[in-house]
Each structure stands twice: as C-alpha cells, then as structure tokens.
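Residues per chain, in single letters:
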Amino acid sequence: MMPTNAPTRVAPLTGKREAAPVDVKERSTPSPKDISRHFVKPLLKSHRDLPRPAFDCIALVLQGGGALGAFQAGVYQALAEANLHPDWVAGISIGAINAALIAGNPPETRLEKLRAFWEQVTTQLLFDPFGIAHYWLRGDMGHVFLNRLRAGATLLEGAPGFLKPRFPPPYLSPPGTAEATSWYDTTALRSTLERLVDFDRINSGEMRFSVGAVNIRSGNFVYFDSTSHKIRPEHIMASGALPPGCPAVEVDGELYWDGGLVSNTPLQWVVSGDTRQDTITFQVDLWSARGNLPSDLNDVISRQKEIQYSSRTRANTDEFKHIQCLRMALANLLEKIPADVLESDEGKLLQSVADRNVYQIVHLIYRSKNYEVQSKDYEFSRTSMIDHWNAGYNDAVRTLRHPEALQRPVNGPGVGTFDMAVDGRE
C-alpha cells in the first residue's frame, strides 16, 4: 500500500551486469553500426530535475482506460520529479479525472491528490494476513484467478468514491430515468472531485485544461476546454460516463457520454488545435494497438478493447506528420507570393493553415501483463493499482533518461516521435 504523505516508492532500476572476462584482441576496423553508436548520446544518470525542453508548451495527453489509469499517475510522478510540469493537460474518461487532479492542484500537492484518489477507489479483496493465498496463487494462472475475483467484486460492489451498483437494477426502474439507463450510480464521483480538485484553479488559466465527451443526441464529439468553458465537476463526469455502466451526465441542458466512444486520445486537439506553438507532448496511452492473436473468448474481448480504445496512436501520429509537412511546405511557398495576393481572402486563408512550428510526441503506452484479462479496465484492486502506477513510473523514468526524447525535431516536417518500445536502448 502506498503511504499517504510520502512519494510512491518503486524498486530501483538495476541495469548493471558483471562483465565477463574477455581476451585482449587486436582492434579491427569498426563496422558502420559501431561507428553510428558514437553519434548516440549516452543515457542520463538520472531523470530528476531536468532543464525545461526548448518548447513553448509542455502538453500531457491522457487516454481513457478505467482502472488502468493508475499508470498515468505513475508517469506524472516521474515527470514531476524531472521538473517537467505541463502547461496543457488533456484527457478522456479516466484520463479526464487524472487531468483534473493535476490541473486542479498546485505542483507540490498533485501527487498527494492523485494518491488519495487512487487509494480511495481501490480496495483489498482478500483478507490474507499471513500471505498464504498470495504465496500459493503466484504465477500467471494465480494472477488470472485473483484478477477475475477482484474484477467480480468491482462488478458487485462498485468502487468506493466512484460508483456503486443500482438497486433495484435498471430493468426494474421506470423507463426514461437515469436509473433505467445505467448499471451504476456515479453520484459519489462528484463528491470525490469536489474534495480533491480546486475548480477555481482550473478556471484561472494557469494551466490549459481540456476533456472530451460525446453529445448523445447529435453524436458529435465535444471538447470542454478551460479557454472556452467554465469547468465544473459535470464536465469531467461527462467525459467518463461510459454506457451502459455509467449514466449520461447533463451539461448545460445536453446529455453526454464518455468521449472514448468516438476518440479515446485527445492528441489531435492538442497538436492541431487553435494554438500553434512549439510543443512537446507526452502521450500516455492505456491501450496498445499492437497485440497477440487471441486464443479464447476472454482474449477476444481483451483484444477488441485494445483495438477499439487504442485510437490508432501511431497511425494518427504518422498522419499528423504528413499534414505538418504540407503546412510547412505551404509556409515556405507563401514567402514567394506577392504581398497583395496575401492580403486577399484566399491568401489569408492559406496563411491560417501554414505552420512552421515543431512538435515532439513522446509515446508512453501501457503494455498488459500476460496474466491480465479482459476485465483489467474495471479491476479496481489495490494490488493492481500499485502495479500499474509503478509500471507508469518506471516507463517514464527510462524514457526521460534518453536525451533525444526531449529534443526538438530536426527533420523536414518538424514532427518527431519517441517511443521507448521502438527507440529505447539500455
């Protein structure tokens, strides 16, 4: 269990190995691969207290994923230790809740509020004072059994301070009521948000804040942004109202559902929105688009969720690179157009599209363990929460030790990416 008044402890990373004795040999001509290594910057010794990257904006983008959201809290812990405090945070679903906890608190108390939330909504399922059950249920099969047991407890009991099952169930409730359209009551979430989040701080403009939701009647995706909305608890709750588990949430006379139904990652809103500025974005995804072929129905459901909610992160990034390449080419071309043409309506339209800003996108994607099944997004146990938190922390620490992850891109489109799984080296 994580302490309340101290930062989360994670096992130290151990990357040293005892070198095996080798015979001294005559130096041979280096291969091209060996030569290329001289151009790779060595890893930093520590991720802590890094200088601010050379960007106008540090953005934090948080995907939806239920109980997996503790991974994002671990990532933020590493960013805070590195002194990389975001200027803009955007989230969907559980990402919207984590975003509110970050934007709605000063830097010195954000981790405390994140821990308070995740400790409140997770519980210990088994009374096992001597550790006997955990000893005999080790290994993947034991983990699968425990995870299913804990997920079943969430379905029956809900998550404290978050949601609780409706009684009577929706089939016995009057049609047209919130009770008839959802399995759980999320009223407790409003109280939790009001206790842990300072909404005056969010609306002060100190940090830009954006959460996405879907208008039920129109089916349109909507962003509630602190630059255009006065953010209240219902905006965050609307972003996380995933049917049929959670009820729709009313905002200004309209009903909304979880933004993940349309797009589970608010990356495009940050990099293609109304603000054009050099931006480094930490994109924290809870679902990986890449995965293995399923072997049973549980695997099928799990893989379906990954594909549906991953929002095709890498494909969208490649598309943005292509668009930005065109914008930069247009900006170069406009320099050769006469001034009187630029003053025309067509010229002003082209100038509004052109863009020479640079963007660095750092991917931090949670990768499920072998023993995690399709219920991983609603398995709100304390043990899994700590595992997810530490996974996010460790992945972020390893990423931040790579100097190239925080550098401005120098390629043609002005868009760079860093993904620990692809670009990492130890």
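Quick caveat: nothing in here was measured; it's all calculated off a predicted structure. (Residues numbered from 1 in each chain as written. Predicted model: local features only at pLDDT ≥ 70, side-chain atom pairs only at ≥ 80, totals over all residues. Heavy atoms only, no water.)

Quick notes on the overall build of the chain
Part 1 of the reasoning: Helix and strand counts for the chain come out as 16 helices and 11 strands.
Part 2 of the reasoning: A total of 426 residues make up the chain; the buried ones form 49% of that total.
Part 3 of the reasoning: Relative to all contacts within the chain whose residues are 6 or more apart in sequence, the contacts with residues 24 or more apart total 76%.
Part 4 of the reasoning: Of the roughly 21900 Å² of accessible surface on the chain, a fraction of 56% belongs to carbon and sulfur atoms. (Helix = DSSP H or I, 4+ residues; strand = E, 2+ residues; numbered from the N terminus. Buried < 20%, exposed > 50% of the residue type's maximum accessible area, 1.4 Å probe, protein only. Contact = heavy atoms within 4.5 Å. Areas by Shrake-Rupley, 256 points an atom, 1.4 Å probe, with all protein chains shown as cover.)

Observations regarding unusual backbone geometry
Part 1 of the reasoning: Here the amide bond leading from Phe-167 into Pro-168 is cis, since omega sits at 5 degrees, within 30 degrees of zero.
Part 2 of the reasoning: Positionally, Pro-168 belongs in the loop between strand E3 (164–165) and strand E4 (184–185).
Part 3 of the reasoning: Following Pro-243, the chain continues to Pro-244 via a peptide bond in cis, the omega torsion being -5 degrees.
Part 4 of the reasoning: Here Pro-244 lies in the loop between helix H9 (233–239) and strand E7 (249–251).
Part 5 of the reasoning: A positive phi angle, close to 60 degrees, is found at Ser-93, a residue other than glycine.
Part 6 of the reasoning: Along the chain, Ser-93 falls in the loop between strand E2 (88–91) and helix H3 (94–103).
Part 7 of the reasoning: Taking the relative accessible area as the measure of exposure, Ser-93 reaches 11% and is therefore buried.

Observations regarding the environment of Ser-210
Part 1 of the reasoning: Structurally, the position occupied by Ser-210 is in strand E5 (residues 208–215).
Part 2 of the reasoning: Placed 119 residues apart in sequence, Ser-210 and Gly-91 show a C-alpha to C-alpha distance of 6.5 Å.
Part 3 of the reasoning: Polar contacts involving the side chain of Ser-210 include one to the side chain of Trp-88, which spans 3.0 Å. (Polar contact = N/O pair within 3.5 Å; in protein donor to acceptor, adjacent residues only side chain to side chain.)

Here's the deal with a nonpolar patch on the surface
Part 1 of the reasoning: On the surface, Ile-216, Leu-242, Leu-255, Trp-257, Leu-261 and Val-262 cluster together to form a nonpolar patch covering roughly 460 Å² of accessible area.
Part 2 of the reasoning: Note that Val-262 resides in the loop between strand E8 (254–258) and helix H10 (267–271). (Patch = residues over 30% accessible without salt bridge, like charges linked within 9 Å, V, L, I, M, F, W, Y side chains within 5 Å. Salt bridge = Lys/Arg side-chain N within 4 Å of Asp/Glu carboxyl O.)

Thoughts on the nonpolar core
Part 1 of the reasoning: The biggest cluster of nonpolar side chains holds 78 residues, and the ones touching the most others in it are Trp-118, Phe-209 and Phe-282.
Part 2 of the reasoning: Setting aside anything within four residues of it in sequence, one finds Phe-209 in contact with Trp-88, Val-89, Ala-96, Ala-99, Ala-100, Ala-103, Ile-202, Phe-224, Asp-225, Ser-226, Ile-231 and Ile-236. (Core = buried A, V, L, I, M, F, W, Y, C linked by side-chain atoms within 4.5 Å.)

Structural notes on helix H11 (residues 297–309)
Part 1 of the reasoning: Over its 13 residues, H11 runs 18 Å from end to end, which matches the ideal 18 Å to within 8%, given 1.5 Å per residue.
Part 2 of the reasoning: Of the residues making up H11, those classed as buried are Ser-302, Arg-303, Lys-305, Glu-306 and Tyr-309. Buried residues of H11, seen end-on, are gathered within an arc of 155 degrees and therefore sit on one face of the element. Within H11, the exposed residues directed more than 90 degrees away from the buried face are Leu-297 and Ile-307.
Part 3 of the reasoning: Its side-chain oxygen placed 3.2 Å from the backbone nitrogen of Asn-298, Asp-296 serves as the N-cap of H11.
Part 4 of the reasoning: Positive phi shows up at Ser-311, right after H11, with a value of about 60 degrees. (Expected span 1.5 Å × (residues − 1). Arc of directions from axis to C-beta.)

Brief notes about the pairing of strand E9 (residues 279–285)
Part 1 of the reasoning: Counting buried positions along E9 gives seven out of seven residues, so the element sits mostly inside the fold.
Part 2 of the reasoning: The alternating pattern of E9 places Thr-279, Thr-281, Gln-283 and Asp-285 and Ile-280, Phe-282 and Val-284 on opposite faces, both of which are buried.
Part 3 of the reasoning: As paired elements, strand E1 (residues 57–62) and E9 share six bridges and run parallel to each other. Note that in E9 the partner of Leu-60 across the bridge is Phe-282.
Part 4 of the reasoning: Sheet topology places E9 next to strand E10 (residues 359–365); seven bridges connect them, and they run parallel. The partner of Phe-282 across the bridge, within E10, is Val-362. (Pairing = 2+ DSSP bridges.)

Some details on the packing of helix H4 (residues 110–121) against helix H7 (residues 187–196)
Part 1 of the reasoning: Taken N-terminus to C-terminus, the directions of H4 and H7 make an angle of 160 degrees; their axes are 11 Å apart at the nearest point. Between H4 and H7, the angle falls in the class roughly antiparallel. Regarding H4 and H7, the two cross each other, and that crossing is right-handed. Each of Lys-113, Ala-116, Phe-117 and Gln-120 in H4 lies in contact with H7, whose residues at this interface are Leu-189, Thr-192, Arg-195 and Leu-196. (Axes fitted to C-alpha atoms, helices over the stretch in contact; angles between N-to-C directions. Parallel < 35°, antiparallel > 145°, perpendicular 65-115°, else oblique. Left-handed = near helix turned anticlockwise from the far one by under 90°.)

A look at the environment of Met-141
Part 1 of the reasoning: Topologically, Met-141 is positioned in helix H6 (residues 139–157).
Part 2 of the reasoning: Its relative accessible area of 67% is what places Met-141 among the exposed residues.
Part 3 of the reasoning: Put simply, Met-141 and Tyr-371 are 230 residues apart on the chain and 6.9 Å apart in space, counted from C-alpha to C-alpha.

Quick notes on the pairing of E1
Part 1 of the reasoning: Within E1, six of the six residues are buried, leaving the element largely enclosed by the surrounding structure.
Part 2 of the reasoning: Side chains of E1 alternate between two faces, with Cys-57, Ala-59 and Val-61 and Ile-58, Leu-60 and Leu-62 buried alike.
Part 3 of the reasoning: As paired strands, E1 and E2 are joined by four bridges and run parallel to one another. Within the sheet, the bridge partner assigned to Leu-60 lies in E2 and is Val-89.
Part 4 of the reasoning: With helix H2 (residues 70–81) bridging E1 and the parallel E2, this β-α-β connection has right-handed handedness. (Right-handed = clockwise from strand over helix to strand, strands pointing away.)

Functional significance is not addressed by these values, which are geometric in nature.
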